[in-house]
Structure formats: structure tokens, C-alpha cells
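As a plain string of letters, each chain reads:
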Amino acid sequence: MLQEMIFAGFGGQGVLSMGTILAYAAMKEGKEVSWMPSYGPEMRGGTANCIVNISDQPISSPVVNEYDVGVVLNQPSLKKFESRVKKGGILIWESTNIKDAPKRTDIQLYALPAVELATNKLKNVKVMNMIVLGALLKLKQIVKKESVLTALKAALPERHHHLLPLNEKAINLGMGLIKSP
Amino acid sequence: MLQEMIFAGFGGQGVLSMGTILAYAAMKEGKEVSWMPSYGPEMRGGTANCIVNISDQPISSPVVNEYDVGVVLNQPSLKKFESRVKKGGILIWESTNIKDAPKRTDIQLYALPAVELATNKLKNVKVMNMIVLGALLKLKQIVKKESVLTALKAALPERHHHLLPLNEKAINLGMGLIKSP
Amino acid sequence: MKEGYELIYKRPKTLLDKRMHYCPGCFHSTMHKLLMEVVEELDIQDRTVGICPVGCSVFAYDYMDVDMQEAAHGRAAAVATGIKRMLPDRIVFSYQGDGDLAAIGTAETLHACNRGENFTFIFINNGIYGMTGGQMAPTTLENQKTSTSPYGRNSATAGMPMKMAEIVATFEKVYYVERVSCNTPANTRKARKAIKKSFEYQMQSRGTSFIEVASNCPSGWKCTPIESLDWIKDQVLPYYPLGVLKDLGKEEVK
Amino acid sequence: MKEGYELIYKRPKTLLDKRMHYCPGCFHSTMHKLLMEVVEELDIQDRTVGICPVGCSVFAYDYMDVDMQEAAHGRAAAVATGIKRMLPDRIVFSYQGDGDLAAIGTAETLHACNRGENFTFIFINNGIYGMTGGQMAPTTLENQKTSTSPYGRNSATAGMPMKMAEIVATFEKVYYVERVSCNTPANTRKARKAIKKSFEYQMQSRGTSFIEVASNCPSGWKCTPIESLDWIKDQVLPYYPLGVLKDLGKEEVK
Amino acid sequence: MPFKGYVEISVEGCKGCGLCVIHCPTECLALNMSDTNSYSLHYAYLKEPDKCIACQNCSIICPDAAITVYKKIA
Amino acid sequence: MPFKGYVEISVEGCKGCGLCVIHCPTECLALNMSDTNSYSLHYAYLKEPDKCIACQNCSIICPDAAITVYKKIA
Amino acid sequence: MGEIRLMKGNEALGEAAIRAGLQGYFGYPITPQSEVIEYLAKEEPKYDYVLIQAESEVAAVNMMYGAGGAGGRIMTTTSSPGFSLMQEGVSYLVCTEIPCLFANIVRGGPGLGTIQASQGDYFQATKGGGHGDYNMIVLAPNSVQEMADHTFLGFELADKYRSPVLLLSDGSIGQMMEKVELPDPKPYKPNKPWATVGKPKNRERNILTSLYILSDDMEKKNIHLQAKFEKMEKNEVRFEEYRTEDAEIIITAFGLTSRISKKAVDVGRESGIKLGLFRPITLWPFPKKRIEELASKKEVKFFISVEMNAGQMKEDVMLNVYGKKPVYFFGRFGGIIPTPEEILSAIKSHL
Amino acid sequence: MGEIRLMKGNEALGEAAIRAGLQGYFGYPITPQSEVIEYLAKEEPKYDYVLIQAESEVAAVNMMYGAGGAGGRIMTTTSSPGFSLMQEGVSYLVCTEIPCLFANIVRGGPGLGTIQASQGDYFQATKGGGHGDYNMIVLAPNSVQEMADHTFLGFELADKYRSPVLLLSDGSIGQMMEKVELPDPKPYKPNKPWATVGKPKNRERNILTSLYILSDDMEKKNIHLQAKFEKMEKNEVRFEEYRTEDAEIIITAFGLTSRISKKAVDVGRESGIKLGLFRPITLWPFPKKRIEELASKKEVKFFISVEMNAGQMKEDVMLNVYGKKPVYFFGRFGGIIPTPEEILSAIKSHL
Ligand SMILES: Cc1ncc(C[n+]2csc(CCOP(=O)(O)OP(=O)(O)O)c2C)c(N)n1
Ligand SMILES: Cc1ncc(C[n+]2csc(CCOP(=O)(O)OP(=O)(O)O)c2C)c(N)n1
Ligand code: SF4
Ligand code: SF4
Ligand code: SF4
Ligand code: SF4
Ligand code: SF4
Ligand code: SF4
Ligand SMILES: [Mg+2]
Ligand SMILES: [Mg+2]
């Protein structure tokens, strides 16, 4: 099955790496993946996003305009992408940053206070994105948690490997936020 | 009537200006003219030539490969252009410079020792080209002598105008070399 | 405004009321501000034409309220030449980064200087290609790490950091050359003075002015704005010392 | 050969037995000859690669019996860089005119020098665009008449004649810079020595050598070859003095 | 009160670079670490207003021209 | 005879520039003004052979490498 | 009637530019067009145009950008390799909509090639040698007279559309002399409210840029440009026909080869071959409709494109004949100019 | 099976070049392709290729000339404005017959434009942005995998024909990550007897030049080149088809748009529209014959060319459909990537 997803937020919130890790994990599971970032200087201090497609079949178009899953971490991204989640799709939004909640009623909405949780519970706001990713993993069994951990290990430079347990914690925390898939 | 002519010789022998003066004279008489030079560095010290077309009608092609009149002032030019004079056409060749005479029998040949005459009779080898031009004028009444003199005046910078009489002399000398037109 | 107080500094009106896209602490912003202060002070808004380069300051025209042209990468000096020759009584400045001016634009820069074109170069030397994401520039310091010199600039293969101010100062028709910075209030004041002086020289048709700014790039250098000031003081200024390299106007006075 | 006599000079074998297309008295010919004499003397024909420019010497490859590349106008330094980096143990020389090296090729020239590319520049400065029929070059003297400065070079609009040797000598990685001429037998001998020295430095990987030739162009200058020597002596050399501008090898010895 | 000057800093115009803070000779500026502007940046503010001597160091160094300076009329 | 050297000048290789002529210290070279080579150029020749001192001034300055120099074996 | 002179094509170009009110020339010498800058240098003291011999073609085209942006009536001339170097600049000028005149006096390529005349840069001129979607009006003179006339026209069109115009000629036309009736000098009164001349208090600042960082803006800009190009296609098509009324075979040729082909038409007609000549004067916009019409004529048997290249314009001919009739090609390369006889025998081989 | 990695297109290009035996890279940073030089800079200590960040694109292409002439396996990469600056050099390299690999990771133009992906440089790539008659093999990858594969292939073809090869990709493919199976490193054994490496006693000197001052020589050179181009046209045409067997409507698209069109085909088929996709892999030589065949198929109703430009490839499609069927166009500009839905609705408007 083809999963078309968008991850969007401020540059620095880790949206690109969230997408990368998911894509890597999927690839390690033998799936087809594509990861397409927004790029360029207009992103300086502005928003960044990436489209991640995961499928059992070769992926035709890496660019899509409607998504099965949207993950948005700041207000501008919500504004931009809320309408582009497919009917019946999932929208995860970071509720510490985003003040004006999404309004759609034909999609599943998940509000995650990931910044707050990362800051207060994990004492490191940087792993906020892993909390979100954890939640996504629970909601949609796109890839196994183990694959994500492998991906994290591959993505992080050796000198940051001591952060792996913290990241795993964050993922678990995120998974715990979702009651039933 | 369309007259297609080529003037060829060493750079410095004045072939380009011979052609220019003829073209200018023709233009002053209200005729259509075109003057097309060979150009470029391979001409440095090598041969130079120009094609001059004169006609009562607009000239279609300024480039031609067969000529009504050929005027050649050195051996390489004779070699190159002898065969390109139209059957029944005229070939004037400078016989001081050119050792191997032309061989064609289907054209009119005129050997002019213009260098020798310019050096010995006029004491200025530079007007050699005007001797040749004079001969051509006598052979073919393409333009009037007066027009050529006007052209010369226009072509020579003021400070060289004292040379006009010498040039006229050279033209007359050249005309005198031809018995009947 | 508080009673009993007078306004002594406010943002120049010629600097449009628009948030600049530059990273926090970037001297591009400072230089824009100073330029517009001088334009305002000299009251030459209606006679000023600026050229912005391709580089982080590619959008400079969004901020400065003067007529501007956006030049192709490296060609601002040629563009400035074209403008100034057409409009000799306008004040023309070409605003360029170090990749722009000292790499791809070397020929245009030096020949404009050699001809003594009567405009002002504002040369923002931040030792890096800011806009494209932190590649090595001709002015990157020895052993400095960038994305295309990840192990530090190797002068054996990439050469030494180029001293453009020193080079152009050797041209007879270059009238005024100064290297400034915006790393301290005092230096920033000098930078402002240098701009003003160059514009005045321009109005007097003295020839080329060249103001090199020992600038910063917190993003490209991967440091905070405040750390970037330390890097300037400790690493940049020893190699690129500040000061007037040439001022034919001064010699005249003497 | 006469009995009782020994041969003491003959045309080098590496200079092909072909009449050069250069005008009588043109130093392009002299420099080709000297280059090939040095190649023969050092026995490096099999390791030498030359680059000819676009300019009168565009056909240089017709005369020198070494592998050669014909570069686009102005880009010989970049071409030489490419060759030398691929083949670091070859002797590489880039042979360029003043239009080529100092106008369109300014950036490539200066950046190769700044990187200290380990090859030899032979820079034929004849103050004119010979090949294209005598237009003004960056090195044309003040008030000198050319087809694009028919009333004399006006330094107010065209700038001063550029001193390339002086400029490149300021670059740290440039090892050896000398300005030579072929206007007298003594100077021609020095020119030959300069070539030899630069090739030797190259074999020792010392960095860039830059040999500027105060050259002539009887055709472009509209004079006889002998008159061109007077012009060099009276007009050219006072502005472009001969001599070693830089020789890091010498300093080493001291 | 004896202060000679005061400054106004635009909350939205400030990018929180801190250059003004470290160059104020009387150390009267600071970044507001408990609040951010709409760009999520901690902005500078006049923390100790009575120390300001209206020297304009902050305004000249501020890249973004976010600072307005006033001086007591003598 | 007492001359120390002599030179051979290629008639076809010489372009008649005259540089050798003016730089020969013993003035033994000249252009042949009464003949030209196949390029219509007056070529240089050793006019006064007994003056040649084999100094090689002519050969070094000759742009076209048209001159070969010989020296008397001591 | 204007002044009549015997002039080289390159000189006529220069003189016509002066008469059209030239304000700035920026160029770099290259054979076979250096006479333009030389002519302008000689005439300079009499006028007050700016003349800069730039340090390179890259510098020249960017000086054009500045001077044109500042509102000047400006020009550069070059030949093939030089025009290749200008391609980035051309793309910028078109996008920034700066009116100016280019002349490419083409020589034989590729590479350094030869300095003899060629038409090998047709594609570069008409399909855009630079990056992005763009077009320029391309005028192809075939006589010294037209070198002058098209220069005049080129400046007008550049201003009319606020866009660069290209005069695509070749070395032969640049070097040859013919009689030319010079257009009378025309006072040039620019009206360029968009130019960067210094912003008065009462208008917004003028900005000249080709940067549109947001895709939406860039697309809008492109749509604007395409609309302008369409307008040019509608209004500016120019061509010439010779004895096409009853022609069975149509030679298509531009520039110099159109003159040679004209002669071929006459010679061919004499021997009973019903030839006609179709000569595009604007290579872009290409005279599409008229070619289509000719292709639809019953009596027309085939087309033959005669060029001094490998058959570049032939593609444009084909795109409009579009299968209705065969389209053949005859060409010579690298500086060789075909003769009327060669053209005829090429035609005969298809009879 | 080769090593599998998740990589950006630009990185895959760099890694594949290394594995193909890269000996020299000469380039200048420009978005969206700077990752290539950055990747090579990072890997440099492990290999012994030469890497120069040139002072400009002009310098880079001329370093290529020198290094390629000296026999190296060499490459440069750039994006649109940078490739425009290289056009003189490209023309020189083709004429001098120096094998090398170019990559143009296209962005939106004209002018400075936008850094977002575009296909606006199709004409420049296929018709020659430089002067003179020339062609290059142009490969248009549409995936990260092909960025690697075409790099490998490009080097091979360059050597096979002693000619530059161009990889025409775009910013999206350069920036996106996909799974890529890297080709195994292949020892590179150059056989280039023509290279300027120093002349041993027993051979004539090697000269690399594009100067042919005499027209006859230049014409011969051109005839030689044209013969080589013909050989390429015969041997090197590459394309791909998807569901064309019974298609009534054929989408033609290359690069990124071919992938999006593929999706459009599937979606369209679901709603009963018999779509098929024809994707040229080599943009030059263009798959002429196959398009002709498709156009001749009875069931095919029309073609529609989908591009991120104003319809450049459409001309090549038309030249080969040549009136047999209508050829429509749908495109977006300046960095906007069309969606499958847009493509479908464009198609529907022609039903
Ligand atoms: C012809 C061309 N080449 C390359 C680029 C890509 N490019 C844009 S800005 C830039 C360099 C920016 O560095 P610098 O000039 O130092 O300015 P900064 O951003 O550091 O202020 C480059 C290489 C381009 N736009 N055009
Ligand atoms: C891109 C390009 N621009 C211009 C030319 C024309 N051109 C050929 S040689 C030359 C200048 C020659 O002068 P110089 O380099 O001084 O060499 P010289 O002939 O004096 O030895 C020029 C401008 C060219 N071939 N290519
Ligand atoms: S990237 Fe560097 S130069 Fe560019 S705005 Fe940021 S700090 Fe300034
Ligand atoms: S034109 Fe000048 S540089 Fe060229 S060969 Fe003649 S004298 Fe020498
Ligand atoms: S004006 Fe001076 S004292 Fe007052 S806040 Fe600014 S820097 Fe501090
Ligand atoms: S210097 Fe300006 S931008 Fe920086 S913190 Fe102070 S007020 Fe804010
Ligand atoms: S060797 Fe010396 S003396 Fe003999 S001819 Fe030559 S210059 Fe004169
Ligand atoms: S120097 Fe050489 S070319 Fe000149 S006259 Fe003497 S022999 Fe002849
Ligand atoms: Mg920079
Ligand atoms: Mg020169």
C-alpha cells in the first residue's frame, strides 16, 4: 500500500530528519520510499517540509498534493497543509506551538503537546520530533519501531550515539500518547 | 548588365582598394554594386582578394564563383582564379610578379608589367594597381574615368590628395596599354 | 516618546519598514542600515542607484528604498559601470559578497577598478558563500572548515585567502580603499563614515571607492552571532586588518 | 659546414621546420624559439604540454613539437590548471597574449596564481590585440593609438595600462615573476634563462612562475620591426621595467 | 531620576542576536528569555532603564535597526 | 684568414626583419636589397664574413631561428 | 532620401545605430565584427554616446544590463563564441525586460572554428542559448542596406516590447560593401518610467530583477513573458517572397543564403524549373502561417531549406509544412558559402 | 547486487562518479546541486581524484577542457545560469572531441529565476546553447537510481564517442532521497592515444584544437562531427514506455514529469481513459522512430506533452508525429511541479 505523508514545521524543528528516519526505516524493511524536501533560502528561518512516500510498489510520483498523513509542527504549516490531507486521512499537529487548532471534521485529528513533553519530561526539546514520530508509528504501522531505531543509529553520527536511548524514550512516549491505533 | 569581377594579389598590392574605387565609382554613376573581401588572419602576408559586382539591377548574390573579369597580381592568385574566369571573359595579369603565364585559350588574356612600369616610369610602385585599373577601364567601359577620379578623391584622405595627379597618370598609362577595347 | 527627551537615533526612513530575511546578527543587515542612513543624511535618495548581487543580499532591494538593479552573479561591477556611465551624476553603489566579487566577478571587479569607474564598492567579505549554504569562498581563511573544505581550507590546493582591498588599492585610478567591520560600535561608526566619504568622493568624481567589510556569517560559520564577533577579532582581523588602505583625498590635503 | 669550424648554434629540433606565420620581427617567433631551445636543453619534450591562446599565437601548436592544447580566448590558465592537476609531473606552460591574459582571462589568471598552480605563464604583452587587427589591450600605453583608441588611449575612460606582473607578484603562492624582452641580444638571453629557471622550479613543484614579455607588434603598431624596438625602449620599458619582480628561490639561497 | 537616556526596542524587529546586549557599556540591555516574538525569537529589552547613557552603541551595532534612542534634554 | 666565426642564414626562413643586422656588433650582416626570397622579402646575408666573431647575437635575436652559427675550432 | 554611402555591413550597422540615437555601446573585439566598435570609436568625438571596450563579452552584456536598466538606448555586437559567452546575460536581460540590441555576426563553429561566415547559430538565436523559456525577436538582414535598416528597426522593437532584440547576420554581410541609403537621424526620446534613474519622492522605487524565488511568482513572470512573446508572434512576423506565385519548388533561406538562392531561382527558372524563394526576415517570430499556406498550395511540390549549417531552420520549416510536402535540405558548413549552381543541382537531385 | 543506500539524487551522482573512476571534478557551487561538490569534498581523502572549486563556471568548463584533454575521466555539475555560462566551453569541448560529463540540475528560469525544479533548459540541452552545429547525448534521469546509473553510463558514452555527455536533471531529483542500488566500482582503464600527456619520441605530437581557419578544413571537421552524431542517433536512442500497448492517448514526458505522468496514467486508466506514457530517456538523440510508430497506430488519438516549461520537447514530438495525430501540451512553469490531477484534467479537456 502507498502511504503519502507530509512533515512540516519551522526549520530546526527536525521535520526533515523525522522524514528521513522514517524513509530509511522503510527502506531497511524492503519497501520503496521517496523523500522530497522543500529547499532553498526562502526556507531560512521560515518553514521547511518534506514529502515522504512509502510503498510496496515502485513509487511513481514523488510529488503529491494530497496526503494520507500530515504532520505539522507550526502554525504556518497547519495553514498550508490542513486542507491537503485526504478525506479520512490523519493530521497530527503539535499543540504547544500551534494556537489555532485545525478545523476539519472529515479527517482524524491528533493534537500532541510534543514540545512541552520533550522540554518537561525529557529535558531536551530536540527530541520533540521523535515523540511525534512515535505517535505516528502507533497510529499507522508503516514500519516497525525496531527499524526506526536502526535508522536512528545510522542517521546519527557516532559521537551522538549516546543520545540513542533518549530518542527511544521519546518514541515510546509518543506511542504512549495514542490510545488505540 | 551584371559584371562579376575578382581582384586578387598579395596583401599590400592594393587589390582591395582597387576594387573599392571601382565599386565607388560605379555607385556614383547610380549603379548597383557589391564588394566582398576575403578577410582574416590567414591573409596576413598571404593573398587577399575581393569580388566586385556591378549591375543595373539589384545584385542578388554578392558571392560568385565564376567571373567575367579576373585581375590577378601574383602567382598564387593566378593559380587559384585562372580557371574561374568565364569562357570568353577577361583575365588581366601582372607580368612582373607572375612568372608562369596563364594557359587558357578560351578567354582574353592581358599581361601587364604594371610593377615595372610603376617603378620605372612613375617612380612609385604603389600606383601599380591604378595602372591595372586603367587598363581594365579601357577594356571594359564599366565606369567612366571621371567617376574613378572622383572615387579616388573620396577614398584618399585629404593629406594624400597631392597624390591624385600621380594616380591619374597611372590610370592613363594603364589605359594606354590597351590598344583597342 | 517621553517628555523631556529628544530623539537622537531612529531607523532611517530610507530603510523600508520590512523585516530583513538575514539571519540574526548578520552584518548584511547592519550594512544595509548604514547605507540608508548615509543616503538619508546626504539627502540623495532621488539620485542613488544600487546594485545587489547574487548572494544572501540578493534581496537587498526589498529593504532599501532606492532604485536598484539585481545583477547576475559576479557581474555587479559591470552593471554599476553601465549605470554610472549612463547617469554620471547619480550616486551608484555595487553591493557584493566575497564569492560574487572575488571569485566569479574577479575580472569585472578589477577592470572597473582599473578604469577608475566612479562608483562605490561595498564588499561584504564574510569568508564564505552564505546563500548557497556555506561553501568555501576565495576569502575563506586557511584551515577554515566549510561545506566544500570540510577538513579546512587547504592552501596548497585552494590557495591563500584573497586580499581584494590590497589588490585594488594598487590601481592608480582607485581613489579610496578602506577595510571596515561592524563588530564593535566604534568600528561600525567608522564603517558608516567610510560609506559617507566614498559617496562624497563620488559626487566629486574622484574615481573608484572600495569599502571592504570584514563581515560575519553566523549560519555559515555555524556559531552564534556573538561567537561570530570573536571569530572576527581572533581570526579574521589579524589576516584582514582594518583601516584605510588608500585615500588620495587625504594625501591631497596634506 | 666549413672545415675547422664547429657548430655553436642551430635552430632547436623541437621547433618544427615550418615557416611561422608571424609578421617579420615579431617576438612571438622569438619566444617560440626560446621555449623550444629550453625544452631541448632540458630534454623534456616527452613531458611538456603547452597551451596556446586565442591571439596571434593561436597557431603556436603548428611550430612547437610538443603536445599542445588550444584554449578558448582567455582561459589558458584554467586549461593549464586542468592539465597540470591531472598530470602533476609534466612541465606545463600557458602561452598567452595581453588581451587573452589581462582582459577576458583576468579571473582565470589571478585565481591560478592565487592557488599557486605549478605551471609557467608566458605572457606576451605587446600592448595590443594583434590577431584581431590592432585594437586596444588592457596594457596599451596611455595615449597610444589603436583601432579602438584612434585618438590615443584615454586613461580617464579606459584606465591605466595594467601591470600584470606586478599584480600577480603580490600573491603568496606565486614563486617567480620576471619581466623580460627580446629587444636586444642580452635581453633575449635573459628571457631564455627565465624560461629555463621557471621550468626548473616547476620540476621542483615550487608553484606559479610568471614571465611577462615586453613584446612587440610591428603590424599593430604600424611600424617596421626595427622601429618597434625603439618604441619598446622609449615607451614600453619605462612603464614596464624589465627585471625579476619576485624569486622566492633566490631568497631561499640568500 | 538621573538617567540620561532611554531606548525603545522593537519586539518584532529584534532578532535576538544579542549584539546590543554585549556592547552596552552600562549593561542595561538583556534578552528576554521568558518570552518570544512571533518569529519564536527572544527579543532584547531595556532591562535597567536608569543606567542608559544614550551612547547609541546599541543602535549603531543593531543589525536590524530595531533600536530607537532618546536623550534627556539638557 | 683571421675570422673566428661564420653564420648561415636560411634564405627562405629569413623574413627580412633586420633585427640581426642592427644587433651584429661587427656589422657584418646586411639585407640583400637586390633580391627577394619566394615570399618577396629581402633576406639577410653575411656581407662581411671576415668580421664575424661568432658572438651569436644575431642567432639569439633572430625571431625565426633562421641563423646557424659556427666557430673556428681553437 | 537619406544619405547614400558605400559601406561595409559592420560600418552601416554602427552608423545606423548612431542615427537611431545610440547612447551606449559595450563590446569586445572579435572577427568578423570588430569594425563596429572601430567605427564607433572613430566617430565618438562627434557624438555623446558612451563607448566601452569591455574586458570580455561577459562584462559587455552585463554593462548592457546596467546601462539599459538605467534607461539607455544601448547595443553590443559580437560573433559566435562571444555570443555564447553572453548567454547567461541574455537570459537575464529578457527576464528583466531590458530593451537593447544585440548583433551576432556569425562565423563558423563549433568551438573556435573559423572566422568565415556561417549560419550555425540559428538554433542558439531562435530557441534560446541561455537557460529558461524565452525568445527574442531575431532579425536576419541579407544586405548592407538591411544591416542599417534592421539596426534602426531593432532599437524600435526593443523599446516597443521592452525586450532585447537580436540581429543575426554573418561575416560576409558584415565585411562586404554595398550601397546603403542611411536612415535620417531620429531624435530619441526615451520614455522608460521603469528605469533605475534614482527614485523621486513621488514614485515607488524601481527595481530591476529576474529573481522570483517563489514558484508562484516565477510562474506568473513566465506567463507574462509568454504573453508578450505571443504578441510579438502576432505582430512582428516579417518575410519576403520572390517568384513564389506559381512556384513548384520553394527554397527557404535567410540572410546571405537568401540572396544566393534568389539567383538560383532566376537561373533555375531560365532552365524551366519553377522555383520560388521564401525568406524569413524575422527568424523568430518565424513566419509560420505563410509557410503553412505555401505548403497547402497544390502546385507546390516540395520545399528545400538552404542554409550555411547542418539544417537548423529546416526544423522550423518542417514544423509548419508539417507533412504536407517533403522538405529537403541543402547546406554547406564552416564558412563555405554555397553557390547558386550547387543549390540548383541539389534541387535537381530531388526532381 | 550493489550496495543499497538512501541518498539524495545529487549525492548518488557524486558517489556513482567516484565508482566510475572519477579523476577530476571542476565545479562552482549553485543551488540546487551544490551537494555534488560537497559530497565529493567529503569523500576526497579516501580517493585520489582532483577536486577544484573553480572561481566560476567559465573557469570550471575550461579546466574540464584541460583535464579532459590530458586524458582524465572528468565531470562538472551546475544548474541553469551556470550552464549558460559554460556554453562557449561546451561548444569547444564538442568540437575538440574531449570526453567528459556535464550535469545540469535545472532550476526555473529565465534569468536568476527560482531555485525550484524546472525543465526549461530542454532546448539549450538538445539544440545547442552554444554556437555552431553540435549535439551531445543528453540523458534525462527520473529517479535517484538513474542519477547514479546515468552517471555511470554517461562516462562510458563520453569515452565511446569521444564527446561530452550531458545529464539533464532537475532540482527535485537532485534534492530528493530514494533508495539507490549503487553500481559496483569499475576500474577505469583509459585508452586515449590522442590525449596531451607529453609526446614520446615515437609518435607525432598530439594537438587538441577546435580552430580550423580554412573553410574547407572547418567543413570537413563539421562533416566528421555530423557523422559521429548520426552514429549516436543510430545507436544511443533510449526510451521507456508504460501501458502504451493499447493506449489511445499518449503522454510524452521526460525526467520528473514522466514519473508524475506515470501516476496520471494509472489514475486515468482507473476512470476508463486509455492512457499510455512515452518517456524519452535520451533527449538527444530523440526517439524519433518510435514516436513515429506510435503516431501511426490506429488506436492512438492524440499526444500530449507534459513538461515543466513552455512546451519545448513538444516541438520534437511534433516533428515526429508530423501531422499524423494532434499534439497537445500541458505544462507548469518556474518551479511548479504539475500534479497527476492537473495532467488528467488537461487531458480531459481534449477528449
Ligand atoms: C552563475 C551563477 N553561479 C552560481 C550561482 C549560485 N550562487 C548564488 S549566491 C553564490 C555565492 C554567495 O556567496 P557570496 O557572494 O560570498 O555572498 P554571501 O551569500 O556570502 O553574502 C553562489 C555561488 C549563481 N546564482 N549564478
Ligand atoms: C570569446 C572570444 N572573444 C573574442 C575573440 C576574438 N579575439 C581573438 S584574439 C583576440 C585578442 C588577441 O590579442 P592578444 O591576446 O593580445 O594576442 P596577440 O594577438 O596580441 O598576440 C580576440 C579579442 C575570440 N576569439 N573569442
Ligand atoms: S547565511 Fe550568513 S551571510 Fe547569509 S544571512 Fe545568514 S548569516 Fe548572513
Ligand atoms: S600582428 Fe603583431 S603580434 Fe601578430 S604576428 Fe604580426 S606583429 Fe606579431
Ligand atoms: S544607548 Fe548606550 S547605554 Fe543606552 S542602552 Fe544603548 S548602549 Fe546601553
Ligand atoms: S542588536 Fe538588535 S536585533 Fe540584536 S538583540 Fe539587540 S535589538 Fe535585537
Ligand atoms: S655571430 Fe655575431 S658577429 Fe657573427 S654575424 Fe652574428 S652577430 Fe655578427
Ligand atoms: S633576424 Fe632573422 S629573420 Fe630577421 S633579418 Fe635577420 S635572419 Fe632574417
Ligand atoms: Mg560571502
Ligand atoms: Mg597582444
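This one's a predicted model, so the numbers in the text were calculated from it and none came from an experiment.

1. Considerations on the coordination of the magnesium ion (ligand 9)
All names here are of chain C.
Next up, step 1: For the magnesium ion (ligand 9), every protein donor is listed as Asp98 (OD), Asn126 (OD1) and Ile128 (O), and the spread of their distances is 1.9 to 2.1 Å.
Next up, step 2: Coordination of the magnesium ion (ligand 9) draws on donor residues from a single chain, spaced D-x27-N-x1-I in sequence. By the burial criterion, Asn126 is buried, and Ile128 matches it.

2. Quick notes on the pattern of salt bridges
All names here are of chain D.
Next up, step 1: Evaluated as defined, the whole model comprises 99 salt bridges over all chains.
Next up, step 2: Of the charged contacts, one joins Asp247 and Lys197 as a salt bridge, the two residues approaching to 2.7 Å between their closest N and O atoms. You can see Asp247 sitting in strand 10 (residues 243-247) and its partner Lys197 sitting in helix 7 (residues 185-203), a full 50 residues away along the chain.
Next up, step 3: Given a relative accessible area of 23%, Lys197 falls into the partly exposed group.

3. As for the interface of chain G and chain H
Next up, step 1: The partner chain H presents 58 residues to the 57 residues of chain G that form the contact.
Next up, step 2: Counting each side, the surface lost to burial between chain G and chain H is near 4,800 Å², with a carbon and sulfur contribution of 59%.
Next up, step 3: Of all residues in chain G, Pro110, His131 and Tyr322 of chain G bury the most surface against chain H, accounting for 15% of the area lost on that side.
Next up, step 4: Connecting chain G to chain H are 4 salt bridges.
Next up, step 5: One salt bridge connects Arg332 of chain H with Glu219 of chain G, and the closest N-O pair in it is separated by 2.6 Å.
Next up, step 6: Counting the contacts that link chain G with chain H gives 36 residue pairs in polar contact (both at pLDDT 80 or more).
Next up, step 7: When residues in the side of chain G that touches chain H are grouped by element, the largest group, 8 residues, is from helix 9 (residues 215-235) of chain G.
Next up, step 8: Its residues assigned to classes, the side of chain G that touches chain H comprises 22 nonpolar, 26 polar and 9 charged.

4. Brief notes about the site of ligand 7
Next up, step 1: Residues in contact with ligand 7 amount to 13 residues; listed here are only the nearest, Cys24, Cys52, Cys55, Gln56 and Cys58 of chain F.
Next up, step 2: Its residues placed into classes, the shell around ligand 7 shows 10 nonpolar, 3 polar and no charged.

5. Brief notes about the coordination of the magnesium ion (ligand 10)
In a perfect tetrahedron of four donors around a metal, the angles come out at 109.5 degrees. In a perfect octahedron of six, they are 90 or 180 degrees.
Residue and element names in this part refer to chain D.
Next up, step 1: On the protein side, the magnesium ion (ligand 10) has Asp98 (OD), Asn126 (OD1) and Ile128 (O) as donor atoms, found 2.0 to 2.1 Å from it.
Next up, step 2: The sequence pattern formed by the donor residues of the magnesium ion (ligand 10) is D-x27-N-x1-I.
Next up, step 3: For Ile128, a relative accessible area of 2% puts it in the buried group.

6. Some points on the side chain of Asp170 of chain G
All names here are of chain G.
Next up, step 1: Residue position: Asp170 is located in strand 8 (residues 164-170).
Next up, step 2: It turns out Asp170 is buried and unbridged, and the closest side chain with the opposite charge, Arg259, is 9.6 Å from it.
Next up, step 3: The contacts of Asp170, once residues within four sequence positions are left out, are Ile105, Val106, Ala117, Ser118, Leu256 and Met308.

Basis of the calculations
- Residues numbered from 1 in each chain as written.
- Chains lettered and ligands numbered in written order.
- Predicted model: local features only at pLDDT ≥ 70, side-chain atom pairs only at ≥ 80, totals over all residues.
- Heavy atoms only, no water.
- Donors = N, O, S within 2.8 Å, 3.2 Å for Na, K, Ca; no water.
- Buried < 20%, exposed > 50% of the residue type's maximum accessible area, 1.4 Å probe, protein only.
- Salt bridge = Lys/Arg side-chain N within 4 Å of Asp/Glu carboxyl O.
- Helix = DSSP H or I, 4+ residues; strand = E, 2+ residues; numbered from the N terminus.
- Contact = heavy atoms within 4.5 Å.
- Buried area = accessible area lost by both parts, 1.4 Å probe.
- Polar contact = N/O pair within 3.5 Å; in protein donor to acceptor, adjacent residues only side chain to side chain.
- Nonpolar A, V, L, I, M, F, W, Y, C, P; charged D, E, K, R; others polar.
- Near = heavy atom within 4 Å.
- Lys, Arg positive; Asp, Glu negative; His and termini not counted.

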